[in-house]
Amino acid sequence: MVYHVRGRGLPDEEPVEYWIADGRISLEPVEGAETVFGSSGFPGWIIPGLVDSHCHLGIGTGGPVGLDEAIDYAETERRAGVLLLRDPGVPIDTRSLDDRDDLPRVVRAGRHLAKSKRYIPGLAIDVDDESQLPEAVAEQARAGDGWVKLIGDWIDRSVGDLAPLWSDEALTAAIAAAHANGARVTAHVFGEDALPGLINAGIDCIEHGTGITDDIITLMLAHGTALVPTLINIDNFPGIADSAAKYPTYAAHMRALHDSSRTRLSAAREAGIPIYAGSDAGGMVAHGRIADEVDALTGIGLSATEALGSACWDARRWLDAPLLEHGAPADLVCFADDPRTGPDVLRRPDLVMLRGRVY
Ligand SMILES: [Zn+2]
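Computed from a predicted model, the values in this text were never measured in an experiment.

### Describing the state of the cysteines
Should the sulfur atoms of two cysteines be covalently bonded, the bond is a disulfide.
Item 1. Counting across every chain of the model gives zero disulfides.
Item 2. Just so you know, C55 is unpaired, no disulfide at all, and the nearest cysteine sulfur is the one on C205, 15 Å from it.
Item 3. Judged by its relative accessible area of 0%, C55 is buried.

And the structure:
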């Protein structure tokens, strides 16, 4: 099938018109094309496929899932217009999904790297001897699609509070090993203390980042560190605190991090730290909620256009994925109403096209 779509693009709001043949975009008319979106007068909107930069296809509420469930999640994301996702830590092998033309593209970070009893059971590879961390990182770099995921901090039950998992020396060696293997590194970090070591070691991104302070913002700007705050998952912190009554210091810390999260993350945005939308779907957040995260990002100071860009064109540039260029894969979403209007519009694209196929 040869298709034709027209509407207005974003962020520039200019009229756009694409022909789609053999799964790719043409900026030149292609004969025999069927118009599947946009009548004359350019009433609708056409943007590149949405991006969820923190989405675990291999994780459900009970931990690791089977492939059938991972496929269900991928289909849910596609229906929400998410055609590219960065999977920052996947406990099962989801590579066979890459053979399915009907499922979103996935950029994987391999498996989470943590230590025994220092992350959610069953998800991570435990690297208890941190001298082994660089080799473990190199292995995940080779197994992933250009990213490695570290657990930066977690509750240390002997301390009764969040604490860093790794020494500064181990992080420097580990992040260098990832970069030498062509991978960027990101880390799960809730608290304050793990951030300086990770950022000084050259980490590329921080997930959650609720412990960001003014000093950390300065450090992130100096190092060019990106941030994926996963705001809709930060809202689970009070529940995490409630279930950790045995560790009152930790519980109070989690509540305080939640209370200060919007203020701290607004300061990061205000300072100019690059922020990308990630829902943290899998586990405590259901799949298909990128629209809610985009909406939440407007609450820390992103304009509606910037918030959408953080889940679309800006995220694509960050992940080295194509936009709607001549010859690029035809991964796009169309909306009759302006997708910046709010989550009710954004979560229901009027047309989803993945690899040139209409959904
Ligand atoms: Zn996550």
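### Re helix α2 (residues 133–143)
Item 1. Looking only at α2, the buried set comprises L133, A136, V137, A138, Q140 and A141.
Item 2. Check the buried side of α2 and you find it contacts β11 (113–114), β12 (125–126), β13 (147–151) and α3 (168–180).

### A look at the coordination of the zinc ion
Item 1. Protein coordination at the zinc ion: the donors are H54 (NE2), H56 (NE2) and D280 (OD), at 2.0 to 2.2 Å from the metal.
Item 2. Mapped onto the polypeptide sequence, the residues donating to the zinc ion form the spacing pattern H-x1-H-x223-D. As far as burial versus exposure is concerned, H54 and H56 are alike and both buried.

### A closer look at the side chain of D338
Item 1. Residue position: D338 is located in the loop between β19 (332–335) and α12 (343–346).
Item 2. A polar contact is formed between the side chain of D338 and the side chain of R340, at a distance of 2.8 Å.
Item 3. Each residue touching D338, except ones within four places of it in the same chain, is listed here: L10, W45 and V345.

### Overview of the UniProt feature "domain: Amidohydrolase-related" (unreviewed entry) in the protein
Item 1. Under the UniProt annotation, "domain: Amidohydrolase-related" (unreviewed entry) lies at residues 45–357.
Item 2. For residues 45–357, the end-to-end C-alpha separation is 18 Å, with 36% helix and 19% strand making up the annotated structure.

### So, the packing of α2 against α3
Relative placement of two packed helices is described by the angle separating their axes and the distance separating the axes.
Item 1. Running from N to C, α2 and α3 cross one another at 25°; their axes reach a closest spacing of 8 Å. Between α2 and α3, the angle falls in the class roughly parallel. In the packing of α2 onto α3, the handedness of the crossing is right-handed. Contacts from L133, P134 and V137 in α2 reach A170, A173, A174, A177 and A178 in α3.
Item 2. Of the residues belonging to the contact of α2 with α3, the class tally is eight nonpolar, no polar and no charged.

### Quick word on the side chain of H287
Item 1. Secondary-structure assignment places H287 in the loop between α8 (248–271) and α9 (290–298).
Item 2. Given the relative accessible area of 11%, H287 is considered buried.
Item 3. Within the structure, H287 has its side chain in polar contact with the backbone oxygen of H56 (distance 2.9 Å).
Item 4. What H287 contacts, discounting residues up to four positions off in sequence, is C55, H56, L57, I59, Y73, T76, E77, A281 and G282.

### As for the sheet that holds strand β10 (residues 105–108)
Item 1. Strand order in the open sheet made by the three strands is β6-β9-β10, with parallel pairing throughout. A strand with exactly one partner marks an edge of an open sheet, and here the two such strands are β6 (50–52) and β10. Across the sheet, the axes of successive neighbouring strands diverge by a mean angle of 15°, strand direction being ignored.
Item 2. Where strand β9 (residues 82–87) and β10 come together, four bridges link them in parallel fashion. Across the sheet, R86 pairs through a bridge with V107, a residue of β10.

### A few points about the domain arrangement of the protein
Item 1. Examined at the domain level, the protein breaks down into domain 1 (2–48 + 322–358) and domain 2 (50–319).
Item 2. Look at where the C-alpha atoms of domain 1 and domain 2 centre, and you get two points 30 Å apart.
Item 3. Across the contact, 21 residues belong to domain 1 and 23 residues belong to domain 2.
Item 4. The contact between domain 1 and domain 2 buries some 2000 Å² in all, and 66% of this surface belongs to carbon and sulfur atoms.
Item 5. Taken as a group, L346, L354 and R355 account for 29% of the area that domain 1 buries against domain 2, more than any other trio of residues on that side.

### Let's talk about the packing of aromatic side chains
Item 1. Summed over the entire model, instances satisfying the criterion amount to five aromatic pairs.
Item 2. Aromatic pair Y119 and W154: ring centres 4.8 Å apart, planes at 70°, arrangement edge-to-face. A residue pair is termed long-range when its members are at least 10 positions apart, and Y119 in the loop between β11 and β12 and W154 in strand β14 (residues 153–156) qualify at 35 residues. Both residues of the pair, Y119 and W154, belong to the buried class.
Item 3. Pairwise contacts between aromatic rings join Y119, W154, F190 and F237 into one cluster.
Item 4. The ring of Y359 carries R78 above its face, with NZ or CZ at 4.1 Å from the centroid.
Item 5. A cation sits over an aromatic face here: R86 above W147, 4.6 Å from the ring centre.

Rules of the game
Just so you know, the residues in each chain are numbered from 1, in the order the chain's sequence is written. Predicted model: local features are reported for residues with pLDDT of at least 70 only, side-chain atom pairs are reported and counted for 80 or more only, and whole-chain, interface and lining totals are derived from all residues. The side-chain figures draw on all heavy atoms in the structure; neither hydrogens nor water molecules are used. Disulfides are defined as cysteine sulfur pairs within 2.5 Å. Each residue's exposure class comes from its accessible area (1.4 Å probe, protein chains only) as a fraction of the maximum for that residue type: buried when under 20%, exposed when over 50%, partly exposed otherwise. Helix and strand definitions follow DSSP, with helices as H or I runs of at least four residues and strands as E runs of at least two, each counted in order from the N terminus. Whether two residues are in contact is decided by their heavy atoms, any of which lying within 4.5 Å being enough. As a rule, N, O and S atoms within 2.8 Å of a metal are its donors, except that Na, K and Ca use 3.2 Å; water is not among the atoms, so sites may look incomplete. Whenever a nitrogen or oxygen atom comes within 3.5 Å of another N or O atom, the pair is scored as a polar contact, on the condition that within protein one atom can donate a hydrogen and the other can accept it, and that pairs from neighbouring residues in sequence are kept only if both atoms are in side chains. UniProt positions are given in the numbering used here, feature names are shortened, and annotations may be inferred rather than shown by experiment. Axis lines are fitted through C-alpha atoms, for helices just across the contact stretch, and the angle between N-to-C directions can take any value from 0 to 180 degrees. The cut-offs work like this: below 35 degrees is roughly parallel, past 145 is roughly antiparallel, 65 to 115 is roughly perpendicular, and the gaps in between are oblique. If you view the pair so one helix is near and one far, a crossing is left-handed when the near helix is turned anticlockwise from the far one by less than a right angle, and right-handed when it is turned clockwise. All residues other than Ala, Val, Leu, Ile, Met, Phe, Trp, Tyr, Cys, Pro, Asp, Glu, Lys and Arg, Gly among them, are scored as polar; the first ten of these are nonpolar and the last four charged. Strands pair, by our definition, only if DSSP identifies at least two bridges between them. Domain segmentation is taken from an automatic or database assignment of domains. A quick way to say it: buried area is the sum, across both parts, of accessible area lost when two parts are put together, with a 1.4 Å probe. Classification of ring pairs rests on two measures: the distance between centres of Phe, Tyr or Trp rings, Trp counted by its six-membered ring, which must be within 6.5 Å, and the angle between planes, read as stacked under 30 degrees, edge-to-face over 60 and tilted in between. Ring-over charges, as used throughout, are those where CZ of Arg or NZ of Lys falls within 6 Å of the ring centre and within 35 degrees of the ring normal.

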